[in-house]
Amino acid sequence: SPDRLSDMFGFSSTRSLISSLRGRALSSSAATFRRGVSSMPKSLYNKLSSSSSLNTLKKSVVQQVAEKSKSWSLQGAKKKMMIVGGIAALLAGTSAFSKQVAEAGSSGSQTELTNMISVYDVPLGKKMPDVIPCFIEVSRGSRNKYEWDNEMGFLKLDRVLHSAVFYPHNYGFFPQTLCGDGDPLDVLVMGDLPLVPGSLVDVRPIAFMVMEDEKGMDEKVLAVVNQDPHYVEMKTLRDVPEHVLREIAHFFSTYKALEKRKWVKVGGWKGTEDTKDLILETHNTYKAERKEGPIEYAGN
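As the structure is a computational prediction, the values presented were derived from the model and not from experiment.

1. Focus: the overall build of the protein
Along its length, the protein carries nine helices and nine strands. Considering only intrachain contacts with a sequence separation of at least 6, the fraction spanning at least 24 residues in the protein is 68%. About 15,900 Å² of surface is accessible on the protein, with carbon and sulfur atoms providing 51% of the total.

Structure below.
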């Protein structure tokens with residue numbers, strides 16, 4: 001019966017065990033947690049880690065430990081406490097997960113959870129639009145066009161550029177924005193070195209280039225890495241070398257030239273204040289669409 005827990009771990013009742021586990025979830029070290037998890041039977045670990053609520057987890061602790069107690073070799077108080085620590089780690093993690101579910105909405109549906117942790121929904125921070133996080137999809141100098149697959153939750157190679165060109169700067173998008181082409185607002189990020197695809201980088205928007213393709217308006221924001229000291233003095237469009245602007249415009253006017261049924265029209269450049277207005281406008285569009293339900297992005 002579940003009361004065997006008291007004999008195994010030295011507690012007077014299952015309630016006192018749960019109380020101790022919750023206490024250890026707050027006080028025990030991460031190293032103890034890891035050792036405890038590694039000491040658990042695999043079947044128990046799988047059962048506990050798959051639980052989606054704190055109550056279910058408590059029930060699993062009681063039932064699974066009691067069922068497996070006869071086959072465990074629990075010699076010494078140290079090993080017993082390691083297992084307790086491992087269970088406590090899972091309790092802490094599942095408790096945090098349950099809290100996220102509650103914050104996402106009372107129903108806690110799978111759709112709400114998916115959108116809650118999506119890259120498209122990453123918070124923009126208190127300094128937006130002066131400083132804003134950018135999700136990097138393509139490194140500077142690459143011909144591989146990676147795109148975020150929101151259904152899979154991974155970066156995916158969409159294509160290799162058909163023309164003999166490469167991205168002149170790191171490329172990605174601003175979360176919580178939505179443009180006329182049905183995708184987030186695209187960003188070119190200037191920096192000394194290539195940035196890792198899949199990373200979030202705080203950037204300062206400098207300007208944006210007017211652009212349209214076969215799917216609609218597709219503006220390209222030019223930004224700099226906020227933490228790069230070499231770009232501290234680059235604050236407005238006037239600070240960007242003219243050749244850099246021409247190079248970017250040339251890249252986007254030619255990078256789809258050899259792809260069937262695709263076209264691009266490149267316009268002029270807009271200044272920093274106009275860029276911030278564009279960010280706020282696309283953010284407001286995102287919020288309005290998000291209120292109606294999950295956004296179905298077009299895909300680049």
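2. Section: the pairing of strand E5 (residues 186-190)
Across the five residues of E5, five count as buried, placing the element largely inside the fold. Of the two faces of E5, the one carrying Asp186, Leu188 and Met190 and the one carrying Val187 and Val189 are both buried. Bridge count between strand E4 (residues 170-173) and E5: four bridges; the pairing is antiparallel. Following the sheet pairing, Phe173 is matched in E5 by Asp186. Sheet topology places E5 next to strand E8 (residues 220-225); five bridges connect them, and they run parallel. For Val187, the partnering residue across the bridge sits in E8 and is Val221.

3. Observations concerning unusual backbone geometry
Omega for the bond connecting Met128 with Pro129 falls within 30 degrees of zero, at 10 degrees, which places this linkage in the cis form. Inspection of the secondary structure assignment puts Pro129 in the loop between helix H7 (110-116) and strand E1 (132-138). A positive phi angle, close to 55 degrees, is found at Gln176, a residue other than glycine. Take Gln176: it is sitting in the loop between E4 and E5.

4. Points about the confidence of the model for the protein
In low-pLDDT regions, the fine details of the predicted coordinates are not to be read closely. In the predicted model, the protein carries a mean pLDDT of 78, and the fraction of residues at 70 or more is 61%. Counting contacts from residues 24-34, a segment whose pLDDT is below 50, to residues more than four positions away or on other chains yields 13 contacts. Confidence drops under a pLDDT of 50 for residues 104-115, and excluding neighbours within four residues, the segment shows 12 contacts in the predicted structure.

5. Here we look at the nonpolar core
Grouped together as the largest cluster of nonpolar side chains are 24 residues, with contacts concentrated most on Phe252 and Tyr255. Breaking this core down by element, the ones donating at least two residues are E5, strand E6 (200-213), E8 and helix H8 (242-254). Tallying contributions element by element places H8 first for this core, with six residues.

6. Describing the packing of aromatic side chains
Counted according to the given criterion, the structure contains 10 aromatic pairs. The interplanar angle of 75 degrees and the centroid separation of 5.4 Å between the aromatic rings of Phe135 and Trp148 together place this pair among those described as edge-to-face. Of this pair, Phe135 sits in strand E1 while Trp148 sits in strand E2 (residues 144-149), and the two are 13 residues apart along the sequence. Between the aromatic rings of Phe251 and Tyr255, the centroid separation amounts to 5.1 Å while the plane-to-plane angle is 35 degrees, which identifies the pairing as tilted.

Calculation criteria
Residues numbered from 1 in each chain as written. Predicted model: local features only at pLDDT ≥ 70, side-chain atom pairs only at ≥ 80, totals over all residues. Heavy atoms only, no water. Helix = DSSP H or I, 4+ residues; strand = E, 2+ residues; numbered from the N terminus. Contact = heavy atoms within 4.5 Å. Areas by Shrake-Rupley, 256 points an atom, 1.4 Å probe, with all protein chains shown as cover. Buried < 20%, exposed > 50% of the residue type's maximum accessible area, 1.4 Å probe, protein only. Pairing = 2+ DSSP bridges. pLDDT = per-residue confidence, 0-100. Core = buried A, V, L, I, M, F, W, Y, C linked by side-chain atoms within 4.5 Å. Phe/Tyr/Trp six-rings, centres within 6.5 Å; stacked < 30°, edge-to-face > 60°.

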